[in-house]
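Chain and residue survey
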Amino acid sequence: MASFFSSLFQWFSGQVARVHPLFFSKQAEISVVGLQASGKTSFVNVIGSGQWSEEVVPTVAFNFRKVHRGNITLKIWDVAGQPRYRSIWERYCNGVDAIIFVVDSGDKEKFDTARFELHQLLSHPSLSGVPLLVLGNKNDLEGHAPVDELIKALQLDKIQNRPVSCYSCSMKSQHNLDIVLQWLAGRSH
Ligand SMILES: Nc1nc2c(ncn2[C@@H]2O[C@H](COP(=O)(O)OP(=O)(O)OP(=O)(O)O)[C@@H](O)[C@H]2O)c(=O)[nH]1
Ligand SMILES: [Mg+2]
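Quick caveat, the model's predicted, so the values are computed rather than measured. (Residues numbered from 1 in each chain as written. Chains lettered and ligands numbered in written order. Predicted model: local features only at pLDDT ≥ 70, side-chain atom pairs only at ≥ 80, totals over all residues.)

**Notes on the nonpolar core**
Rules: By definition, a nonpolar core groups buried Ala, Val, Leu, Ile, Met, Phe, Trp, Tyr and Cys residues that connect through C-beta atoms lying within 7 Å of each other. Exposure criterion: with C-beta atoms placed from backbone coordinates, a residue whose C-beta has 20 or more other C-beta atoms within 10 Å is buried, one with 12 or fewer is exposed, and one in between is partly exposed. Strands are runs of DSSP state E lasting at least two residues, helices are runs of H or I lasting at least four, and both sets are numbered from the N terminus onward. Throughout, a residue-residue contact means that the two C-beta atoms, derived from backbone geometry, are no farther apart than 7 Å.
Residues Val32, Ile99, Ile100 and Phe101 are the most contacted members of the largest nonpolar core, which totals 38 residues. Every element with two or more residues in this core is listed here: strand S1 (26-33), helix H2 (40-49), strand S3 (72-79), helix H3 (89-93), strand S4 (98-104), helix H4 (111-122) and strand S5 (132-137). No other element matches the six residues that S4 contributes to this core. Those residues within four positions of Phe101 in sequence are excluded, and the remaining contacts are Val33, Gly34, Leu118, Leu132 and Val134.

**Things to note about H2**
When you tally the buried positions in H2, you get eight out of ten residues, the bulk of the element. Where H2 is buried, its residues meet S1, strand S2 (62-69), S3, S4 and helix H6 (177-185). Within two residues after H2, Gly50 carries a phi angle of roughly 65°, on the positive side.

**Details of the sheet that holds strand S6 (residues 164-168)**
What counts, and what does not: DSSP bridges decide pairing: two strands pair if at least two such bridges lie between them. The axes are straight lines fitted to the C-alpha atoms, using for helices just the contacting stretch, and the angles between their N-to-C directions are given from 0 to 180°.
Across the sheet, which stays open at both edges, the six strands sit in the order S2-S3-S1-S4-S5-S6 with mixed pairing between neighbours. Whereas interior strands pair on both sides, the edge strands pair on one side only; in this sheet they are S2 and S6. Across the sheet, the mean angle separating the axes of adjacent strands is 20° when strand polarity is ignored. Pairing between S5 and S6: five bridges, direction parallel. Considered in S6, the bridge of Leu133 is made with Ser165. Docked against the sheet, H2 engages S1, S2, S3 and S4, running at close to 30° with respect to S2.

None of this, on its own, says anything about what the molecule does.
Put into structure tokens, the structure is as follows:
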């Protein structure tokens with residue numbers, strides 16, 4: 001009898017999934033922050049439409065974009081990184097399922113500023129517990145910092161009370177984009 005109900009349920013689930021794919025859909029709201037020209041908008045363009053371009057206009061304030069990947073909908077706040085916009089990062093990170101902090105791993109002179117801005121952002125009590133993914137972008141560039149160097153430079157080991165991950169990647173070559181998407185899928189609900 002139990003197996004009859006179990007196969008009935010399986011059949012029913014299959015029908016619902018076929019008729020209404022959105023029935024099983026999940027979503028995650030994420031905020032993408034980091035210094036200017038680190039590759040935040042490129043990241044959103046590449047995961048949103050596979051579109052890579054050398055010519056991206058610097059973001060003014062923010063862009064909002066919905067991206068569908070399989071049965072997951074990502075609601076993405078792509079926030080501007082120029083100094084005058086950094087004070088608004090907190091507002092866009094408040095209440096999201098994950099914060100993505102993008103770093104240009106080829107531009108080591110900016111690591112100190114990136115570390116300062118990241119720790120400043122995470123010090124807001126409103127953001128405590130929000131999972132963090134640091135992306136060392138532009139790993140196609142010669143001499144880029146690998147993950148262990150980035151972890152050290154950004155003092156990621158000092159971040160407490162939240163899950164922290166750090167991946168090296170490239171929007172240009174799309175290297176490691178698959179594990180970034182996997183990480184995001186893990187934050188969806
Ligand atoms: N070589 C290389 N260049 C990249 C990569 N990702 C982005 N870029 C380039 O870096 C520049 C800045 O990229 P954006 O995506 O506009 O950077 P952003 O972080 O959105 O900048 P703001 O909006 O000003 O905060 C562009 O010229 C991109 O083509 C990458 O993986 N490799
Ligand atoms: Mg941008």
